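Letter by letter, the chains look like this.
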Amino acid sequence: MPIRIEDTFEDVLMKAATGLGMGKQALADASALTHDEVDTLLSGTFDEAALRKVAPVLNLATNALIDMAQQTWRPNVVEIPGLKCFNTPHPVTGYLEMTVNSYLAWHPKQKEAVVFDTGANAAALLQYIQEKKLSLKALFLTHTHPDHVAAYDAITQASKDLRTYTPEREPFAGAKAVRPGDHFELPGLSIVSRLTNGHTTGGTSYLIHGLEQPVAIVGDALFCLSQGGTKTEAAYQQALESNRNELLNRADHTILCPGHGPCTTVGEEKRRNPFYPEFKKSR
Ligand SMILES: [Fe+2]
């Protein structure tokens, strides 16, 4: 079953409003709506006229947000040799449908593989590695939120000679620090890290070269049609800037592999992600 798109249009509105430090009343005042109209939108009731007023106040792409609310599009399922997504349920109180992704990458003609984040549970990942007779060499963390490291022990205990890496700004017991721009090589693949912080202080993406298409494992920096939440206004601006400078500047056919929701591409996110109006032909 395809992985469902992580965020709804109201999630995007909420993340942008929080990121800009705007409460409901401020949003109502700036968009010439009543408090109740804003409340209704934020609770997920689609009202195109109201959405058209609110989107520009939040610097969101209006038409992209309307498409998102109408659920007119979903991304093609990404299947390229040497890249496998494991989508595992991670129920959190209040978010019972929540799932988290981990990714396995290897050159299709080679046996050495690396994993990015652990998922909530590593059973399917470890079974796949065994079936394909792959040898797991490294585990890279995009950030250390609990849902992304939940199966750390299960993976490290099952794999001999495994090196583990975490962003230098997010130390994790037993893992070596990764700095922005660090390179890693394995037969047929090269990996380079990029700082894509904002959602967390050390959030790191990993660019993979050597597969059919360039791939970026992005953690919660960017989602299909959305992005990870931020706690402060500075962190929100940082997240927007990191994504512009480190991810959305890549070639359009670059596959983006997020920690939640389906994979997407740079081209699709430039066209459709409401947080980035500057790439849209019509806003
Ligand atoms: Fe996260």
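Residues numbered from 1 in each chain as written. Predicted model: local features only at pLDDT ≥ 70, side-chain atom pairs only at ≥ 80, totals over all residues.

## Describing the overall build of the protein chain
Put simply, the rule is: By definition, any uninterrupted DSSP run of H or I lasting at least four residues is a helix, any uninterrupted run of E lasting at least two residues is a strand, and each is numbered from the N terminus. Buried means a residue has 20 or more other C-beta atoms within 10 Å of its own C-beta, exposed means 12 or fewer, and partly exposed covers the counts in between; C-beta atoms are placed from the backbone. Each residue is represented by a C-beta atom placed from its backbone, and any two residues with such atoms within 7 Å are regarded as in contact.
Across its full length, the protein chain holds 10 helices and 12 strands. Each principal axis of the C-alpha atoms in the protein chain carries an extent, and together these give about 60 × 35 × 35 Å. Counting over 283 residues, the protein chain shows a buried share of 46%. Within the protein chain, contacts between residues separated by at least 24 positions form 59% of all contacts whose residues are at least 6 apart in sequence.

## As for the environment of His183
The topology assignment puts His183 in strand S7 (residues 183-186). For the pair His183 and Thr230, spaced 47 residues apart in sequence, the C-alpha to C-alpha distance is 28 Å. Those residues in contact with His183 that sit more than four places away from it in its chain are Ser190 and Val192.

## Regarding the sheet that holds strand S8 (residues 189-195)
Adjacent strands of a sheet pair through backbone hydrogen bonds, lying either parallel or antiparallel. This is how the line gets drawn: Only strands joined by at least two bridges in the DSSP assignment are considered to pair.
The strand order across the open sheet formed by 6 strands is S7-S8-S9-S10-S11-S12, and the pairing between neighbours is mixed. Bordering the open sheet on either side are S7 and strand S12 (264-265), each of which pairs with just one other strand.

## Structural notes on the sheet that holds strand S3 (residues 112-116)
What counts is decided by this rule: As a rule, the C-alpha atoms of each element are fitted with a line to give its axis, helices using only the stretch in contact, and angles between N-to-C directions run from 0 to 180 degrees.
The 6 strands lie next to each other as S1-S2-S3-S4-S5-S6, forming an open sheet whose pairing is mixed. Each edge of the open sheet carries a strand with a single partner, namely strand S1 (83-89) and strand S6 (176-178). Neighbour-to-neighbour, the strand axes of the sheet open up by a mean angle of 30°, direction not taken into account. Two strands pair when backbone bridges link them, and S3 and strand S4 (residues 135-140) are joined in this way by 5 bridges, in the parallel orientation. Within the sheet, the bridge partner assigned to Val114 lies in S4 and is Ala138.

## Description of the nonpolar core
Across soluble globular proteins, you tend to see nonpolar side chains buried next to one another. Filter applied, for reference: By definition, a nonpolar core groups buried Ala, Val, Leu, Ile, Met, Phe, Trp, Tyr and Cys residues that are joined through C-beta atoms within 7 Å. Residue ranges assigned to the domains are those given by an automatic or database domain assignment.
Leu65, Ile217, Leu256 and Cys257 are the most contacted members of the largest nonpolar core, which has 71 residues in total. Top contributing element to this core by residue count: helix H1 (residues 9-19), with 5 residues. In terms of domain composition, this core takes at least three residues from each of domain 1 (9-70) and domain 2 (83-273). Residues contacting Leu65, with those up to four places away along its chain left out, are Phe9, Val12, Leu51, Ala55, Leu60 and Pro274.

## Considering unusual backbone geometry
Phi at Ala32 is positive, roughly 55°, even though this residue is not glycine. Locating Ala32 in the fold gives a position in the loop between helix H2 (24-31) and helix H3 (35-42).

## Structural notes on helix H5 (residues 62-70)
We count it as follows: By definition, the arc is the one covered by directions from the helix axis to the C-beta atoms.
Along H5, the residues classified as buried are Thr62, Ala64, Leu65, Met68 and Ala69. Buried residues of H5, seen end-on, are gathered within an arc of 165° and therefore sit on one face of the element. Buried residues belonging to H5 abut H1, helix H4 (48-57) and helix H10 (266-272). The positive-phi residue at the C-terminal boundary of H5 is Gln71, with phi of around 50°.

## Concerning the domain arrangement of the protein chain
Annotation of the protein chain at the domain level lists domain 1 (9-70) and domain 2 (83-273). Elements with a contribution of two residues or more to the side of domain 1 that touches domain 2: H1 and H5. Ranked by the residues each element gives to the side of domain 1 that touches domain 2, the list is headed by H1, at 4 residues.

## Examining H2
Every α-helix winds through 3.6 residues per turn, so residues three or four apart in the chain are directed the same way. Leu27, Ala28 and Ser31 are the residues of H2 that are buried. The buried residues of H2 all sit within an arc of 100° when viewed along its axis, so they share a single face. In this structure, the buried residues of H2 make contact with H1, H3 and H4. Ala32 lies just past H2 and shows a positive phi near 55°.

## Thoughts on the pairing of S8
When you tally the buried positions in S8, you get 5 out of 7 residues, the bulk of the element. Sheet analysis places S7 next to S8, joined by 4 bridges and oriented antiparallel. Across the sheet, residue Glu185 finds its bridge partner in S8, namely Ser190. Linking S7 back to S8 in an antiparallel pair, the connection comprises 2 residues, with Gly188 at a positive phi of about 85°. In this structure, S8 lies alongside strand S9 (residues 204-209), joined through 6 bridges in antiparallel fashion. Pairing of Ile191 across the sheet is with Ile208, part of S9.

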